[in-house]
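Commentary on secondary and tertiary structure
The chain contents come next:
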Amino acid sequence: MKQKNNGTWVSWNENLKHNYKTMYSITKEDELQEVIANNEKIRFFGSKQSSADIAAGTDAIINMSTYNKIISYDYNLKTITVESGLILSELLEAIESVGWCIPCLPDINTITIGGALATGTHGTSGKLLAEYMTECRLILADGTIRTVAKEDELMDAVKVSLGMLGVMSTITFQCEPAYTLHIKERPENDSEWLPKIKSRLKKHDFLRILWLPHTNKGYVITGDKIDPEKEITENKGPNYLKHRRNTSKFLYKYSHKFPWITAIANKILAKAFFSSKKEHKGTLYQATVTKSRGSTLELAEWTIALDKFPEVFNELKTEINKWSNKSFIHIPMDVRFVYQDNSWLSYAYKQDTVTMGCVSRNAATADTYEAFKSIEKIFLKHGGRPHWGKRFSAKDIQLSKVYPKWGAFKEIREKLDPTNKFLNPYLTKLVAAKTLVNETAA
Ligand SMILES: Cc1cc2nc3c(=O)[nH]c(=O)nc-3n(C[C@H](O)[C@H](O)[C@H](O)COP(=O)(O)OP(=O)(O)OC[C@H]3O[C@@H](n4cnc5c(N)ncnc54)[C@H](O)[C@@H]3O)c2cc1C
């Protein structure tokens, strides 16, 4: 195990910085146990790609990304067991090579498995990644191991738990046979795509809408399972489409000073990059997951029950189109669909859910990006839930109103971590933990 003393931990987009006394880079489960048992306070991080301040902020921290091996495959059950610091791309390449898939993937492949599960990371037209986990070995606050299997009463609390119940050590995923999607992409007016959501969810195996604020348009992406050998007329659109992210960054450069620039930039970007039709095929991973990003960004994401989405969408659109308000939103707002589950802190707990992303292309000025505040206000008002890994300001009281199992989660957390070992100052406020005698954080 490697150890580094007295350094600064910096998140991917450099918006979060914390000094630490000791950083452990672990490669074995017993090292993980030892470090957890021997530190009074500890956090652990994967690829540091969360915008929320949930991964560090304690004197001792663990780098999980060095704990990254594939442990075993069960070819009969189609399961794979991996160490939690494995990068998602490596997991996906490994299962594709044996003809399997996980049928709902996020739009990023550089995150670790542990980080992805802990924050409820999801894709579209399926369930949270955590729903495909059938077993995990959880290292508890005293360093002991608890194996949490599918039928374990703790499973629904552990799946999405921000590393507040313990550290996931090894994880087993249930995979499915790989399939090929025929993807079609095209622009559509808001008046066209919004009423078609439910019928499209029934008709297609994949649905994602990139909403283009201040243009009255969305860019609709549908996917249908096809025979991999089926010929399609491939159309990847003009070559210059690959410059979208850099052009956006350039056009939005001064939008923090003059937010109205965004409305003009969006019209240009929509015309240049979202007006052509596209058609291609590939596996879910090949055809829909972004493999490289030119620059960093800051993200928020809010989720709402499918039935309530049109009302919330219309309210948000009206609000941001008022020139009196500074909430001009960078392109695109990613609209995706997650089917209901039973995980306590899942966005889709007991309800089919729509997720709506909100991006600031300029991470450094994210504090001045009014859109994050407006979207939070509107979604919270309607009972929306925030993405745990992204930017939001809601705390315990608001969260208890939108997560029915918030109180039960807090009870289990207190039982499993009675000394608040796994809480940094941000998480302490999030769960409104009582500060204990001898505790200096918060
Ligand atoms: C460009 C970009 C695109 C994104 N796309 C999507 C998307 O499509 N869908 C989506 O839902 N989200 C998306 N996200 C959010 C992202 O998936 C989450 O923030 C994820 O947590 C990042 O993983 P990480 O490895 O960087 O984790 P970190 O940010 O390092 O850690 C996140 C949390 O996980 C905890 N953790 C890490 N390892 C473990 C472990 N082994 N056991 C328990 N807890 C652990 C950490 O302590 C921390 O609380 C995106 C983020 C970015 C920057």
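None of these values were measured; they are calculated from a predicted model.

So, on to helix α8 (residues 261-273). Taking 1.5 Å per residue as the helical rise, α8 with its 13 residues ought to reach 18 Å, and the 18 Å between its terminal C-alpha atoms agrees with that figure. Here α8 has its buried residues at T262, A263, A265, N266, L269, A270 and F273. Axial view of α8: buried residues confined to an arc of 160°, hence all on one face. Residues of α8 that are buried make contact with β13 (206-212) and α7 (244-251).

Time to look at the side chain of S51. Counting through the fold element by element, S51 comes out in the loop between β3 (43-45) and β4 (60-63). A relative accessible area of 13% means that S51 is categorised as buried. A distance of 3.3 Å separates polar atoms of two side chains, one belonging to S51 and the other to E298. Setting aside its immediate chain neighbours within four residues, S51 contacts N13, L16, E298, L299, G389, K390 and R391.

It is worth spelling out the site of the ligand at this point. Near the ligand you find 36 residues, and of these F44, G46, S50, D107 and T112 are the closest. Contact between the ligand and H122: an oxygen atom at 2.8 Å from a main-chain N or O atom of the residue. Summarising the interface, the protein chains cover 98% of the accessible area of the ligand, which totals 980 Å² for the free molecule.

Taken together, four strands build an open sheet; the order of strands is β1-β2-β4-β3 and the sheet is mixed. Among the strands making up the open sheet, the edge pair consists of β1 (2-10) and β3. On average, each strand axis in the sheet is tilted by 35° relative to the strand beside it, whichever way the strands run. The sheet contact formed by β3 and β4 spans three bridges and is parallel. Within β4, the residue paired with F45 across the bridge is N63.

Here is what the cut-offs are and how they apply
- Residues numbered from 1 in each chain as written.
- Predicted model: local features only at pLDDT ≥ 70, side-chain atom pairs only at ≥ 80, totals over all residues.
- Heavy atoms only, no water.
- Helix = DSSP H or I, 4+ residues; strand = E, 2+ residues; numbered from the N terminus.
- Expected span 1.5 Å × (residues − 1).
- Buried < 20%, exposed > 50% of the residue type's maximum accessible area, 1.4 Å probe, protein only.
- Arc of directions from axis to C-beta.
- Contact = heavy atoms within 4.5 Å.
- Polar contact = N/O pair within 3.5 Å; in protein donor to acceptor, adjacent residues only side chain to side chain.
- Near = heavy atom within 4 Å.
- Areas by Shrake-Rupley, 256 points an atom, 1.4 Å probe, with all protein chains shown as cover.
- Pairing = 2+ DSSP bridges.
- Axes fitted to C-alpha atoms, helices over the stretch in contact; angles between N-to-C directions.

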